[in-house]
Amino acid sequence: MTAHTEQRRCRTATAIGLDEGHVGRTHDEGDPITTTEFSFGKLMQHLNAGTALPQPAGLPTEEHMRKAVQGYIDNLNNPDPDYAATYLAVPRSGEDPVGTKPFTIRGSWEDLLNEMKDLIDVSFTPRRAELTAPISFSLGNKAAMAFKLWAEVDGHNISIDIVEVMAFDESGKICEQMAYWGVENVTVLD
């Protein structure tokens, strides 16, 4: 399977709702997108009754996405050799920050760090990361986190406030990472 097919599969599992879905519009590649109507009334019925929302087959649960996203932060702080195999799709794509050259990672966690180093024209060493808000979820295959990353860049200690949106493929692995941050989000600490 090509990287293009993998990325296309990642983008198509995007929309669910509280009622049975139907096949709606298609991407220009011809892939159908499952769509449903959202209803706050039905959402409130589920919340008031304490029942779980229906989860279409093929999409990761919020609990699974929470573990993957929290694991991403934990792995930055304390590398776990099993994290990549469990939660990171190969290949996976993204932009860091959004609006810059897209990347495609075709291997391990170390490959991600090396790819990011190739995109950065100075030495860059992540030191630690910390969530700054609760993880948020879409009613589909995406989750977002706000976090602070501390790193050493070209001999200087910095922090970056980042909002990252991660998309998950049908196997529950992160297949796309979109990091939102700009110059105003970077603080030079020394």
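Residues numbered from 1 in each chain as written. Predicted model: local features only at pLDDT ≥ 70, side-chain atom pairs only at ≥ 80, totals over all residues. Heavy atoms only, no water.

## Focus on the side chain of arginine 92
- Following the sequence through the fold, arginine 92 ends up in strand 3 (residues 88-95).
- What makes arginine 92 buried here is its relative accessible area of 0%. (Helix = DSSP H or I, 4+ residues; strand = E, 2+ residues; numbered from the N terminus. Buried < 20%, exposed > 50% of the residue type's maximum accessible area, 1.4 Å probe, protein only.)

## Observations concerning a nonpolar patch on the surface
- Residues Phe38, Phe40, Leu53 and Leu139 make up a contiguous nonpolar surface patch of about 360 Å² in total accessible area.
- Topologically, leucine 139 is positioned in the loop between strand 6 (136-137) and strand 7 (142-153).
- What makes leucine 139 partly exposed here is its relative accessible area of 33%. (Patch = residues over 30% accessible without salt bridge, like charges linked within 9 Å, V, L, I, M, F, W, Y side chains within 5 Å. Areas by Shrake-Rupley, 256 points an atom, 1.4 Å probe, with all protein chains shown as cover. Salt bridge = Lys/Arg side-chain N within 4 Å of Asp/Glu carboxyl O.)

## Focus: helix 3 (residues 62-77)
- The terminal C-alpha atoms of helix 3, which comprises 16 residues, lie 23 Å apart, in line with the 22 Å expected from a rise of 1.5 Å per residue.
- Those residues of helix 3 that sit buried are Met65, Ala68, Val69, Gly71, Tyr72, Ile73, Asn75 and Leu76. (Expected span 1.5 Å × (residues − 1).)

## Concerning the side chain of serine 159
- Relative to the assigned elements, serine 159 resides in strand 8 (residues 156-168).
- The buried category is assigned to serine 159, whose relative accessible area is 3%.
- Beyond its immediate chain neighbours, meaning those up to four positions away, serine 159 contacts Lys148, Leu149, Trp150, Asn185, Val186, Thr187 and Leu189. (Contact = heavy atoms within 4.5 Å.)

## Topic: the packing of aromatic side chains
- Within the structure shown, the criterion is met by 1 aromatic pair.
- With a centroid separation of 5.4 Å and 35° between ring planes, the pair formed by tyrosine 83 and tyrosine 87 is classed as tilted. Pair noted here: tyrosine 83 and tyrosine 87 are both in helix 4 (residues 83-87), with a separation of 4 residues, about one helical turn. (Phe/Tyr/Trp six-rings, centres within 6.5 Å; stacked < 30°, edge-to-face > 60°.)

## A word on the environment of alanine 84
- Examined against the element boundaries, alanine 84 turns out to sit in helix 4.
- Look at alanine 84 and you get buried, because its relative accessible area is 14%.
- Distance from alanine 84 to tyrosine 72, taken between C-alpha atoms, is 9.0 Å for residues 12 residues apart in sequence.

## Focus on unusual backbone geometry
- Omega for the peptide link from valine 90 to proline 91 comes to 0°, which places this bond in the cis form.
- Note that proline 91 resides in strand 3.
- The step from aspartate 96 to proline 97 runs through a cis peptide bond, and the omega angle for that step is 0°.
- With respect to the helices and strands, proline 97 occurs in the loop between strand 3 and strand 4 (103-105).
- Phi angles above zero are rare outside glycine, and aspartate 154 is one such case at about 50°.
- Take aspartate 154: it is sitting in the loop between strand 7 and strand 8.
- The class of aspartate 154 is partly exposed, set by a relative accessible area of 47%.

## Concerning the confidence of the model for the protein chain
- In this model, the protein chain carries an average pLDDT of 81, and 75% of its residues clear a pLDDT of 70 or more.
- Within the protein chain, strand 1 (residues 22-26) has the poorest average pLDDT of any element, 38, and strand 10 (residues 186-188) the best, 98.
- Predicted confidence for residues 1-8 stays below pLDDT 50, and this span has 10 contacts to residues more than four positions away or in other chains.
- Under a pLDDT of 50 for its full length, residues 12-34 has, in the predicted model, 58 contacts with residues more than four places off or in other chains. (pLDDT = per-residue confidence, 0-100.)

## Considering the nonpolar core
- Among the nonpolar cores identified, the biggest contains 26 residues, and Val69, Met145, Phe147, Leu149, Met166, Phe168 and Ile174 are the most heavily contacted of them.
- Contributing elements (two or more residues each) for this core: helix 3, helix 4, strand 5 (124-131), strand 7, strand 8 and strand 9 (174-180).
- Leave out the neighbours within four places in its chain, and methionine 166 touches Val69, Tyr72, Asn141, Lys142, Ala143, Met145, Ile174, Glu176 and Gln177. (Core = buried A, V, L, I, M, F, W, Y, C linked by side-chain atoms within 4.5 Å.)

## Here's the deal with the pairing of strand 3
- Counting buried positions over the 8 residues of strand 3 gives 7, a clear majority of the element.
- Where strand 3 lies against strand 9, 4 bridges are found, and the strand directions are parallel. Bridge pairing links serine 93 to glutamate 176 in strand 9.
- Direction of pairing for strand 3 relative to strand 4: antiparallel, over a ladder of 3 bridges. Following the sheet pairing, arginine 92 is matched in strand 4 by isoleucine 105. (Pairing = 2+ DSSP bridges.)

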